[in-house]
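Listed here are the chains, written in short residue letters.
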Amino acid sequence: MAFVATEHQHTRYNPLNGQWVLVSPHRMKRPWSGQEESPQSLDIPEFDPSNPLCPGVVRSNGAKNPIYTSTFVFTNDFPALLEDVPIPPESDDPLFQTGGARGTCRVMCFHPKSNKTLPLMTPKEIRTVIDAWIAEFKVLAVKYTWVQIFENKGASMGCSNPHPHCQIWACSFLPNEPRVKDEKLRDYYRTHGTALLDDYAKKEIAKKERVVIENADWLVVVPFWAVWPFETMIVSRNGARRMSDLTQQQINNLAIVIKELTIKYDNLFKCSFPYSMGWHGAPTGGATNDDDAHWTLHAIYYPPLLRSATVRKFMVGFELLCQQQRDLTAEQAADKLPCGKKGLFIAIIDHVLQLMQ
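These numbers were taken from a predicted model, which means no experiment stands behind them.

What counts and how
- Residues numbered from 1 in each chain as written.
- Predicted model: local features only at pLDDT ≥ 70, side-chain atom pairs only at ≥ 80, totals over all residues.
- Heavy atoms only, no water.
- Helix = DSSP H or I, 4+ residues; strand = E, 2+ residues; numbered from the N terminus.
- Rg over C-alpha atoms; globule rule 2.2 N^0.38 Å.
- Buried < 20%, exposed > 50% of the residue type's maximum accessible area, 1.4 Å probe, protein only.
- Contact = heavy atoms within 4.5 Å.
- Phe/Tyr/Trp six-rings, centres within 6.5 Å; stacked < 30°, edge-to-face > 60°.
- Lys NZ or Arg CZ within 6 Å of the ring centre and 35° of its normal.
- Polar contact = N/O pair within 3.5 Å; in protein donor to acceptor, adjacent residues only side chain to side chain.
- Salt bridge = Lys/Arg side-chain N within 4 Å of Asp/Glu carboxyl O.

1. As for the overall build of the chain
Okay, step 1: Helix and strand content of the chain: seven helices and twelve strands.
Okay, step 2: Computed over its C-alpha atoms, the radius of gyration of the chain comes to 21 Å, within 12% of the 21 Å expected for a compact globule of 357 residues.
Okay, step 3: Principal-axis analysis of the C-alpha atoms gives the chain an extent of 65 × 60 × 40 Å.
Okay, step 4: Residues counted as buried form 51% of the 357 residues belonging to the chain.
Okay, step 5: Nonlocal contacts in the chain, meaning residues at least 24 apart in sequence, comprise 69% of its contacts between residues at least 6 apart.

2. Focus: the packing of aromatic side chains
Okay, step 1: Applying the stated rule across the entire model yields 15 aromatic pairs.
Okay, step 2: The interplanar angle of 45 degrees and the centroid separation of 6.3 Å between the aromatic rings of Trp-146 and Trp-295 together place this pair among those described as tilted. With Trp-146 in strand S5 (residues 146-153) and Trp-295 in the loop between strand S10 (275-280) and strand S11 (298-302), this pair connects stretches of sequence that are 149 residues apart.
Okay, step 3: By relative accessible area, which is 3% here, Trp-146 ends up buried.
Okay, step 4: With 4.6 Å between their ring centres and 40 degrees between their planes, Tyr-200 and Trp-225 make a pair best called tilted. Pair noted here: Tyr-200 is in helix H3 (residues 196-207) and Trp-225 is in the loop between strand S8 (218-221) and strand S9 (232-236), with a separation of 25 residues, a long-range link. Neither residue differs from the other here; Tyr-200 and Trp-225 are each classed as buried.
Okay, step 5: Between Arg-59 and the ring centre of Phe-74, over which it is positioned, the NZ or CZ distance is 3.9 Å.
Okay, step 6: The ring of Phe-314 carries Arg-312 above its face, with NZ or CZ at 5.0 Å from the centroid.

3. Section: unusual backbone geometry
Okay, step 1: Despite not being glycine, Lys-208 has its phi angle at roughly 60 degrees, a positive value.
Okay, step 2: Looking at the secondary structure, you find Lys-208 in the loop between H3 and strand S7 (211-214).
Okay, step 3: In the Ramachandran plot, Lys-270 falls in the positive-phi region, its phi being about 55 degrees despite a non-glycine side chain.
Okay, step 4: Among the structural elements, Lys-270 can be located in the loop between helix H4 (248-268) and S10.

4. Some remarks on the environment of Lys-116
Okay, step 1: Along the chain, the position of Lys-116 falls in the loop between strand S4 (103-109) and helix H1 (123-141).
Okay, step 2: Its relative accessible area of 11% is what places Lys-116 among the buried residues.
Okay, step 3: Expressed as a C-alpha distance, the spacing of Lys-116 and Pro-162, which sit 46 residues apart in the sequence, is 9.8 Å.
Okay, step 4: Looking at Lys-116, its side chain comes within polar contact range of the main-chain oxygen of Leu-120, at 3.2 Å.

5. A word on the pattern of salt bridges
Okay, step 1: Per the stated rule, a full pass over the model turns up 20 salt bridges.
Okay, step 2: The residue Asp-77 makes a salt bridge to Arg-59 at a minimum N-O spacing of 2.7 Å. Of this pair, Asp-77 sits in the loop between strand S3 (72-75) and S4 while Arg-59 sits in the loop between strand S2 (19-23) and S3; the two residues are 18 residues apart in sequence, bridging distant segments of the chain.
Okay, step 3: Looking at Asp-77, the relative accessible area reads 22%, which means it is partly exposed.
Okay, step 4: On the basis of relative accessible area, Arg-59 is assigned to the buried category, the value being 10%.
Okay, step 5: For Arg-210, the salt bridge is made with Glu-209, and the minimal N-O distance between the two is 3.2 Å.
Okay, step 6: Looking at Arg-210, the relative accessible area reads 5%, which means it is buried.
Okay, step 7: Here Glu-209 falls in the partly exposed class, since its relative accessible area comes to 45%.
Okay, step 8: Salt bridges here are not isolated pairs; linked through shared partners, they connect Arg-12, Glu-204, Glu-209, Arg-210 and Glu-331.

Below you can see the structure in the form of structure tokens.
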């Protein structure tokens, strides 16, 4: 029997973290009788006086938001990282190790209107978000080793507030995921003399099997080693290593890519598509002047939905105890993402919002 990737289970290697993923495409044929999610409601008011992220609202700590008309950034009222905390003592016991952890956590509102998610924003409005990302990154990168920009969208990804926003956590240490990625990228560069993701982007463009979006500055693919069903990666094509490296043209083209990708997600299951996403680039702080030729700026989107707006992928059992597993192949996922920049679902929402204004 000849091997067919869309029919037979197999494993795929992720060179960014050294881990393997089990691909079991035949499992898409099994009936589903498990938990079903409630799709995120589209009936979100433009303004909610009880929502602490809305303009002019008083937050739980007594601080009042300004009547902002674009993006708005503030230090998280309940941060996971604080700047002025004591450092734990060193331990000689290899089984009980601790380390210092200092940092800051910020919240960035994308838009003053709670019903304006990224796919419903204009490229100009999205560019304003990117400009704010860069501004925050530049300030935090001076002091901190790692600056993580990330967005959790949708209740199924743990987002407790529907207002369009992201978070920025800055750390005094290099977290696990970027630490391993830095090692793998560096090893590849030492062996091949080129950046791993630069080579990968060129090969994906040549193959055309997993490409979702492509323009002069950015490539969006479902990675060959993707774990989440419709996971995608946005890769810089012009040598950017950090968010602060982006030119005006790259920012403009990135705004277009983000809008198009999030529209494709919303069109896939005709819902406001949930995901967690974030940016990875070369470390900062004291590592800013280190050799970073092995790095390529990129973003990763991890959406949980598997079969529909109500059926999601769970990372449990085998995934927790052995290794990660996915059902449909990366190529099948790329093929399922809608081709159009604006499908029927998103067009209807745009029209309804215009009537409401």
